[in-house]
Amino acid sequence: MSVTSPMDTSTSPSAFAEATAASFRRYEARLQRVIEHVHARLDEPLDLMTLADIACLSPCHWHRVYHAVYGETLAATVKRLRLHRAAGQLANTTLPIERIARHAGYPNLQSFTRIFKSVYRLPPARYRAAGDHAVFQQAIAAEDGAHAAAEVKLVELPAIPLVAAPHRGSYMQVGQAFDGLYGRLAARGLSRPGMRAIALYLDDPGSVAEADLRSFAGVSGSAPADALPEPLQAMVTRPGPYAVLRHRGPYASMHAAYRWLFGTWLPRSGHEADDAAPMLEEYLNNPRDTEPAELLTDICLPLKAA
């Protein structure tokens, strides 16, 4: 098999462009295989050598490619995803902490407590009782409804063109769709600085089975239809009035914020939700390089025009 060098002047520009695109697509498929493997097997030991085999690259080469695309090592990704899931279980379930620790891959409660506190600033039991979600839970429980958990702003949002990847299943796992989206865009040279990360949530998790929930992971911008590989698609957000709640803290604690926004703020606001439009979340900083307590998310509830 012959290999054409980029410096080979006998190669036509179109042939070189075709070879380069094919190389990008090979990396795209490898990135996607690893992302799917990691997200599907968080409960299992994830050996980095095995992941390199799945990527069909040497461990050193693969780790460099992954880090260049995603901005963190594979080991950091696995740790972050496991702790994200654990934080959601602490905030939204009554599962015993020891069981959550084992589910996250930690052999004992002491090691889980140490690592969780180093990332989320609170030990697991304290986070469950007094994390960011607790503020909204207290507001929901207030009998007079006077307790304001956070400020909600009424804004007119413009239409935002997106390149988006579909996701079906738990909204807590939409990160998998974002990982696949970023990998595909990077492999095809479509990533750009300053792209906004926006998710669209189409279904009510209170009335639709978790496995059937539909959402999209999107980034701002547009691309020619023939430049978008399956399953990516071009979308445009609905312009118009929104109620925007800026949430500071872990993504796992946003369930309580949603309950307060729909159950307490909306009935008292005099506004009506536009059920024909999806909920939006815009992620204002990067979970790969931001502590969970400092994550900023704009939760955007579409409203009917007055």
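Thresholds, definitions, all that
Residues numbered from 1 in each chain as written. Predicted model: local features only at pLDDT ≥ 70, side-chain atom pairs only at ≥ 80, totals over all residues. Heavy atoms only, no water. Phe/Tyr/Trp six-rings, centres within 6.5 Å; stacked < 30°, edge-to-face > 60°. Helix = DSSP H or I, 4+ residues; strand = E, 2+ residues; numbered from the N terminus. Buried < 20%, exposed > 50% of the residue type's maximum accessible area, 1.4 Å probe, protein only. Lys NZ or Arg CZ within 6 Å of the ring centre and 35° of its normal. Pairing = 2+ DSSP bridges. Axes fitted to C-alpha atoms, helices over the stretch in contact; angles between N-to-C directions. Contact = heavy atoms within 4.5 Å.

(A) Seen up close, the packing of aromatic side chains. In the structure shown here, the tally under the stated rule is 11 aromatic pairs. Where Tyr251 meets Tyr283, the ring centres are 5.4 Å apart and the plane angle is 70°; that geometry is what we call edge-to-face. With Tyr251 in the loop between β6 (240–248) and α10 (254–269) and Tyr283 in strand β7 (residues 279–283), the pair connects residues that are 32 residues apart, well separated along the chain. Using a relative accessible area of 13% as the deciding quantity, one classes Tyr283 as buried. An aromatic cluster is present here, built from Tyr106, Phe112, Phe116, Tyr120 and Tyr127 joined pairwise through their rings. Looking at Arg238, its charged tip hangs above the ring of Tyr242, at a distance of 4.7 Å from the centre.

(B) Examining the sheet that holds β7 more closely. With antiparallel pairing, eight strands are arranged side by side in an open sheet as β1-β6-β8-β7-β3-β4-β2-β5. For this open sheet the edge positions go to β1 (152–157) and β5 (233–236), each flanked by a neighbour on one side alone. The sheet shows a mean angle of 35° between the axes of neighbouring strands, taken without regard to direction. The strands touched by helix α9 (residues 174–187) within the sheet are β2 (161–168), β3 (197–201), β4 (214–220) and β7, with β4 carrying the most contacts at an inclination of about 40°.

(C) Molecular detail of unusual backbone geometry. At the junction of Glu230 and Pro231, the peptide bond is cis and its omega measures out at 5° in the coordinates. Looking at the element boundaries, Pro231 is found in the loop between β4 and β5. Look at Arg121: it is not a glycine, yet its phi comes out positive at around 75°. Among the structural elements, Arg121 can be located in the loop between α6 (109–120) and α7 (124–130). Exposure remark for Arg121: the relative accessible area of 43% places this residue in the partly exposed category.

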